[in-house]
Protein chains: 6
Amino acid sequence: MAQFDMPLDQLEAYAPDVAEPADLDEFWTSTVAEARALGGAPTLERVETGLTQVVVDDVTFPGFGGHPIKGWLVRPAHHDVDRDGPLPGVVELLGYGGGRGLPHERLEWAAAGFAHLVMDTRGQGSHWGGGGSTPDPVGRGASVSGFMTAGIEDPHDHFYRRFYTDGVRAVDALRQVAGVDPARVAVTGASQGGGGTVAVAALTALTGTGVSAAMPDVPFLAHFRRAVQITDSHPYGEITKYLSVHRHPAAEETVWRTLSYLDGVNLARRATAPALFSVALMDTTCPPSTVYAAFNAWGGDTRRIDVYPYNDHEGGQAYRFPPQLAWLREHLG
Amino acid sequence: MAQFDMPLDQLEAYAPDVAEPADLDEFWTSTVAEARALGGAPTLERVETGLTQVVVDDVTFPGFGGHPIKGWLVRPAHHDVDRDGPLPGVVELLGYGGGRGLPHERLEWAAAGFAHLVMDTRGQGSHWGGGGSTPDPVGRGASVSGFMTAGIEDPHDHFYRRFYTDGVRAVDALRQVAGVDPARVAVTGASQGGGGTVAVAALTALTGTGVSAAMPDVPFLAHFRRAVQITDSHPYGEITKYLSVHRHPAAEETVWRTLSYLDGVNLARRATAPALFSVALMDTTCPPSTVYAAFNAWGGDTRRIDVYPYNDHEGGQAYRFPPQLAWLREHLG
Amino acid sequence: MAQFDMPLDQLEAYAPDVAEPADLDEFWTSTVAEARALGGAPTLERVETGLTQVVVDDVTFPGFGGHPIKGWLVRPAHHDVDRDGPLPGVVELLGYGGGRGLPHERLEWAAAGFAHLVMDTRGQGSHWGGGGSTPDPVGRGASVSGFMTAGIEDPHDHFYRRFYTDGVRAVDALRQVAGVDPARVAVTGASQGGGGTVAVAALTALTGTGVSAAMPDVPFLAHFRRAVQITDSHPYGEITKYLSVHRHPAAEETVWRTLSYLDGVNLARRATAPALFSVALMDTTCPPSTVYAAFNAWGGDTRRIDVYPYNDHEGGQAYRFPPQLAWLREHLG
Amino acid sequence: MAQFDMPLDQLEAYAPDVAEPADLDEFWTSTVAEARALGGAPTLERVETGLTQVVVDDVTFPGFGGHPIKGWLVRPAHHDVDRDGPLPGVVELLGYGGGRGLPHERLEWAAAGFAHLVMDTRGQGSHWGGGGSTPDPVGRGASVSGFMTAGIEDPHDHFYRRFYTDGVRAVDALRQVAGVDPARVAVTGASQGGGGTVAVAALTALTGTGVSAAMPDVPFLAHFRRAVQITDSHPYGEITKYLSVHRHPAAEETVWRTLSYLDGVNLARRATAPALFSVALMDTTCPPSTVYAAFNAWGGDTRRIDVYPYNDHEGGQAYRFPPQLAWLREHLG
Amino acid sequence: MAQFDMPLDQLEAYAPDVAEPADLDEFWTSTVAEARALGGAPTLERVETGLTQVVVDDVTFPGFGGHPIKGWLVRPAHHDVDRDGPLPGVVELLGYGGGRGLPHERLEWAAAGFAHLVMDTRGQGSHWGGGGSTPDPVGRGASVSGFMTAGIEDPHDHFYRRFYTDGVRAVDALRQVAGVDPARVAVTGASQGGGGTVAVAALTALTGTGVSAAMPDVPFLAHFRRAVQITDSHPYGEITKYLSVHRHPAAEETVWRTLSYLDGVNLARRATAPALFSVALMDTTCPPSTVYAAFNAWGGDTRRIDVYPYNDHEGGQAYRFPPQLAWLREHLG
Amino acid sequence: MAQFDMPLDQLEAYAPDVAEPADLDEFWTSTVAEARALGGAPTLERVETGLTQVVVDDVTFPGFGGHPIKGWLVRPAHHDVDRDGPLPGVVELLGYGGGRGLPHERLEWAAAGFAHLVMDTRGQGSHWGGGGSTPDPVGRGASVSGFMTAGIEDPHDHFYRRFYTDGVRAVDALRQVAGVDPARVAVTGASQGGGGTVAVAALTALTGTGVSAAMPDVPFLAHFRRAVQITDSHPYGEITKYLSVHRHPAAEETVWRTLSYLDGVNLARRATAPALFSVALMDTTCPPSTVYAAFNAWGGDTRRIDVYPYNDHEGGQAYRFPPQLAWLREHLG
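So, here's what we can say about the structure. (Residues numbered from 1 in each chain as written. Chains lettered and ligands numbered in written order. Predicted model: local features only at pLDDT ≥ 70, side-chain atom pairs only at ≥ 80, totals over all residues. Heavy atoms only, no water.)

## Some thoughts on the interface of chain F and chain D
Counted only if it meets this: Whether two residues touch is decided by their heavy atoms; if any such pair falls within 4.5 Å, the residues are in contact. Defined in terms of a 1.4 Å probe, buried area is the accessible area two parts forfeit on being brought together, summed over both. Whenever Lys or Arg places a side-chain nitrogen within 4 Å of a carboxyl oxygen from Asp or Glu, that contact is recorded as a salt bridge. Polar contacts here mean pairs of N or O atoms no more than 3.5 Å apart (in protein, one a potential hydrogen donor and the other a potential acceptor; neighbouring residues in sequence count only if both atoms are side-chain atoms). Throughout this entry, Asp, Glu, Lys and Arg are counted as charged residues, while Ala, Val, Leu, Ile, Met, Phe, Trp, Tyr, Cys and Pro are counted as nonpolar. The remaining residues, Gly among them, count as polar.
With 13 residues of chain F in contact, the opposing surface of chain D contributes 16 residues. Both faces considered, chain F and chain D share a buried interface measuring about 1,100 Å² in area, 56% of it formed by carbon and sulfur atoms. Taken together, the links from chain F to chain D amount to zero salt bridges. Between the two partners, chain F and chain D, sit nine residue pairs in polar contact (both at pLDDT 80 or more). In the side of chain F that touches chain D, the residues fall into seven nonpolar, five polar and one charged.

Set out below in structure tokens:
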């Protein structure tokens, strides 16, 4: 069935309780604090791209565990900070399996006058696009190929603990770049990048730094239990695959416990920044009810969701940038 | 089989004869002449995009039959023609089923200092991307859904006669834009846009106007007979579908006659501009032997082909822009 | 799920309201009147088929816009009109993508003593069967390959306005053939031909000519909005595809407005002839709820629906002819 | 690859040797003799179909083992044997999984003035079409679902021994029907019906009764060993499936021995009637090399093959009847 | 949808009425009585396997109609009946399309100290695994490839009447083997083997012999009507296929009447032995509601069902043996 | 095409050269030496399985980097070492994505009187079967989900360096178990386990310890370059996927360099033990030419290959054990 999830009016009201561990705040505040305590500053190396209207730097910044995380920082070439003032910033997190690619792949934000930091995803970047270049030096248990069950044995070991923390540190890093206005930094991304956006908004709020705005598109990584019941697509299906092999109650308990620390519904409650979501009603990868579960839990007062009734997981794609730009200019001041 | 076509050394030497109609030159010179005789100049309407580093115009120019064809003209915002001289231009033709989309979708060429005209494809633009907005006012016979057999009854009626002519007229139009250097205009595109690039290079050469360079990626629309024998993927498969229904010798004769006027191998022989091709060795949509057939027939002395051994029809994607930019700067002067 | 739509008892009661444009009657009466005003009579040319029990004529009649529409007229060879009286007639409309094929493909109605006019579908006839030979001289906007969105911008331009009108004119044409009883002409067809049957019954009723009976099998082209929500199969999926690319509210509004003029639910309300429908409960192409929506809206008092609980879109196939023949003889007098 | 088998010129010359058992002639002559020795005559029961131009009889005739085999006998209604002479006859065998269906499903031959006997296939008739009604009272060993390996343990037990013999007896039966000219009876069929046609032509030749003409379309059941190497489609794939489970040399030896008695290449050598074959070059079910292997082995001097270069297993479909009718009239006298 | 059937709490309460023929008990008691009346004892032939810890016998025992049914009897090599007492027994029935395979394929039960009789399935054993070797000498009507509609015309002729009876006779046979304790024999199997397990428990209860325990895993062959509505997977889909071809009410009535004699829901009501079921909540082959329908109808007081929430039809696989062994030791005494 | 690779006679002669790094021997001798230098002995913990004919120990032994690797050691329960002498041993490596599962899953070797060590695969064991429990503590670069490109940047970092070394250490471990005859230890496995078998045979030969026999079934991990050209199935397809994203010559060079250290063709040359291979001619996962490439390179004099002409990657399955047992008894003495 094309619109296989709830009808729109039910989605709009869908605000389920998701099991929340008692020590969720402590888990994340200590996680972020440990990463920040390792210190380190972003390094920038100018890249020769042949482009004349933007300048690109190859960025390396310390992420979870202080591990070096790569990114591209793309900025307008004809912006004079002294004359025009500091630039507002946008941190972008990427979809599942992709990497930062080549420097010229994502030019809109810089072309619109933003300092745009594209964060490479550790260990990913070989499934689509131009490729990634950030290793993940942490091993994993007996897991399903992919990232959903890498470290599923314990929330401290799970891949997405590292990914979320990298995202927080990317915001920290962009704020440290000369010429960027640290008071005007937003975070965005689609799918995994959308799930990361929710997490970064939450964890920066939880640790007092915050972000100015969050723009998650068709976010992944929310309401895992429903996702697994309603879709068998990847990557949520990796959880199903894992549990279909490890068929004992202890494995099931472990899986749901670990994922409860990572669930976007629990994290969204802790976010305070203005948020612009988007959702696609025929999305079999990140079903709309899981997106609404996070959206309706959002802790901030200012939130909006744009609906694409006829799209699968590709969602709004290029249709997202114009409303995001307008909305962001309104909210960044 | 992954590399299902010939091995690379055979591909490099593959230069088949393709049936060529005796009046091919006349067919195309009169086609282009008729379109040009209808006159008309491009109109430009500035678009408010929120972008600060580039400016975008909504372009309408007269194509085949004088029909209005849409395009986006994207130029660097901080280029002063009086100060910096006229801009070199790039006309881009699009892949099958796509449209010009939204103004911000393709920013690389403008960000590199080019006047970039993205030509909408008549009647297409509803299969992927941000959509098209150019109708094709011409009807069609009993045909397969799609464009390969629209007008298959006669070369004068075929869709690709109009598409190729639109491409020639797009080059004509860009040359008429104030601030664009008419002596430095290149044409490029992937798949259907690559087939169109071959055709535009040929037809402008044939009619004396020429282009400065041609950059077809994984070009479609070449060596139809082999394509149909070696692949059943769409869109080449539309020919097969047509002939599988119209099972009489007259239909077959008509089909091959019509397509011989449109075949990229015949057209490539007439092209004279420097050319930078690309090909993917696992391309089941535009099999590599059909690409090499066009490349090896190329009429110009300067030609190069970049090979992607492990890609299907997506080919080089973002990996194309850096070598294209470097090569184009070298050849545009 | 095999029976993926509503259970049968809910289907039987399913009579949804579908948005109906205020000027629907005017739209169609003027459409049909314009076509009829263009005049023209069918021409018949005897075809040598080698068959001895039936005679076949190659028919050309004026359809929408006066465009020439082809058909086969198949009649019993051993029927003497003077002796046996005029023949009752059956107009048959065809399924999506097919054409009238070869003269001998559909012999049942003639073998049962009817004058059987198989109407070719303009622009179709290259996807299955023996092929079509009727062009559609009207162009189209940026559309999805196929016919659902050809002319979606305006109901006046939509492909199905022409197809429905062709069907009305086919009935007009058959009534003009010498030896056919104009007072005993029925219309039938499956899938697209079933949707056309509903439309022809409605539009002939609306314009005062009527038909004697209508026999739509697994009809397509009804209750578009539900179809798009409940199935992603083609051809309804072409609407979804279109809206998944043209992701702006204006496009959505345009699409639903245009389709409301063509919706079989709205048209069925205007039909008055006796009707024999059929429906398949596992039909993922034309879901049963969309069929029942048209059936339950039928304007005539005499209506019956035969149910095939275990079939997908193939429905009753050869099982339809015997009950149709018996029912038709009963209703044609 | 679309044309995945040999190129046409190689196909035309392809005449492989296929292992032939020494006692092949004896096996089949005794098989047919035993069936004929059981005697029995066809019974005809007139069916009320509502058709006026043809008459239909429900036929039961004795097949292999004297088992009752069903068929429809369709004849022109307006043919007077006394006035017009006896009718020529056509026996039609059916494709895999189908049954004789409903009486009105196949009217062309009767509409062209032939007595047309459609033979039901024992044990089949539940996969497509209108259904069959002839049981196969013989059991089977551990076999793959379907018919290719039913009785694979011994050629005497194999399903196709019974099917071929039924076909011979169908010809015998039609010749016994009053008003049918026993000297002018042809046999035809597509796919399994084509394989059966080859066999019936061979076995009637071998046993001295013969047929007047044979028209196998895209015949199945020839050159099993190559079929299994070149395609994994069903039904040939049932052999592969069987051997992929029964992985011991004895099973392999048994399989190939049994099939050698049934192989259309061996049987075609024994056929003497004029033959009109057809073949489709993109046929993945009955690959063209297996069809040509039978065609090139044909024992009769008069043979022709019509080639459909762009079709898969559907082959010529409705395009077959006109040339078959013309050719048959030429050869039946 | 991953968990496409009812939620677990509804499943646990799901106890539908299934049409039950009035003469069900008589049908089965006479069926079993007839088979037993034919007499015959199992024969055992020692097999040389090279194994040192178990001994294997090639068993032949009389099944339905007295037909010889094959099996492997695997027993611990180091068990001395005189010293250690008679062995408890386990009869295992197999999944659809499989055969008993090779002697060493299933060693757990013997390795745990049981006499393990693996019953070959007549006519099956060529779809997966090591193959079967038991023919089914009974023919069939016009049926779908496979076993669901073989003999669908009458419950006396249906394949599963024979299969169930074979299972009863396998229990009878194992009880006759010297050294096996006839008072401690259980029956088990997955999928078709699970459906057979339900039937054997019922029919032995009905005929007074009983079994000591029944362990059906993801059982097939229960609640056919719902199965056909909720899934289109094979083998239940064979019923759908049959009815989609035989589209007349008499066929439908016949099908449901025949299947009502074989339905696991009706049979489960007659079972009295302790039962350990398992079910998989994502099982699209044997949907969980059909499994619960049988489980909740179970006639015995002692029943348990183990739930695998994340598995498709593979269910618990190797996770079944440990709980089954523990449970069986508890219930066999 | 079913038998899509070379015909058998060409396969038997297929002995291609594969690029071999100059320091291959040094790379592996130092790798193994480092692992052995870390020392450590296997620990055994008796597992309560309820089985009476075999005993099972949960084994932990030091693998690459001294990392703890799990395994099951299954031995005959009724073997008295003092009385019967030490047991011969078999180390089994597992297929891609699987884990050691549950203790009772593989009983044949123990039931035949062997000490059978099933080695868990680090980081795997969540794709099929009963699951694994051995983590891989080493991280990875930007890689494709799975294991083929984990550590592709450098042969020292590649996953299969660790897996092969674990296999060598598993042999070392089994030899240390009391009651096992260190002079009679064989290694076996299918697919990935077959590739590992080749490697273990080679690396033990290279480092002087050797194995008594090697039995690789349908081995993976050989002749990577051809594999990638001839199949797009996983896991070889992971290499293709990686190179289709990382589209620069340096990536390609790195990939092939790293894989040259792991290629089974290069390793097979260094193996000296008697070998019993098996191959399936329709194997699209591990194409037969890649298997023969390793087989024909085998360094030992005694080698045999069993051919399964009709199987895909499942190969011989249960048909392997009987010939392996016979062959192994012959070669282990």
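## Some words on the sheet that holds strand 3 (residues 68-76) of chain E
All names here are of chain E. Short version of the rule: Two strands qualify as a pair provided DSSP detects at least 2 bridges between them. Helical segments are the DSSP runs of H or I of at least four residues, strand segments are the runs of E of at least two, and each set is numbered from the N terminus. An axis is simply a line fitted to the C-alpha atoms; with a helix, the fit covers only the stretch in contact. Between two such axes, the angle follows the N-to-C directions and lies from 0 to 180 degrees.
Read from one edge to the other, the open sheet built from nine strands follows the order 1-2-3-5-4-7-8-9-10, with strand pairing classed as mixed. Each having just a single partner strand, strand 1 (43-47) and strand 10 (303-308) make up the two edges of the open sheet. Each adjacent strand pair in this sheet contributes to an overall mean axis angle of 20°, direction not counted. Of the strands in this sheet, strand 9 (275-280) and strand 10 are in contact with helix 11 (residues 288-297), which crosses strand 9 at around 165°.

## Describing the relation of the copies chain A and chain F
Worth spelling out the cut-off: Fitting of the copies onto one another was done by least squares over C-alpha atoms, counting residues only where both copies have pLDDT of at least 70.
Each copy superposes on the other: chain A lies on chain F with an RMSD of 0.0 Å after a rotation of 180° and an axial shift of 0.0 Å. Look at the turn and shift together and you get a two-fold axis relating the two. No C-alpha of chain A approaches the rotation axis more nearly than that of Gly139(A), which lies at 2.1 Å. Mapped onto chain F, 100% of the interface residues of chain A again fall at the interface, so both copies present the same surface.

## Some points on the relation of the copies chain F and chain D
Between chain F and chain D, which share one sequence, the superposing operator has a rotation angle of 120° and an axial displacement of 0.0 Å; the RMSD is 0.0 Å. What we have between these two chains is a three-fold relation.

## A closer look at the environment of Asp120(B)
All names here are of chain B. The cut-off we apply is this: Think of it in three bands: with a 1.4 Å probe and only protein chains considered, a residue is buried below 20% of the maximum accessible area for its type, exposed above 50%, and partly exposed in between.
With respect to the helices and strands, Asp120 occurs in the loop between strand 5 (115-119) and strand 6 (136-140). On the basis of relative accessible area, Asp120 is assigned to the buried category, the value being 0%. When the C-alpha atoms of Asp120 and Ile152 are compared, they prove to be 22 Å apart, with 32 residues separating the residues in sequence. Excluding residues that lie within four positions of it along the chain, Asp120 makes contacts with Ile69, Lys70, Gly71, Leu94, Gly99, Arg100, Gly132, Ser133 and Thr134.

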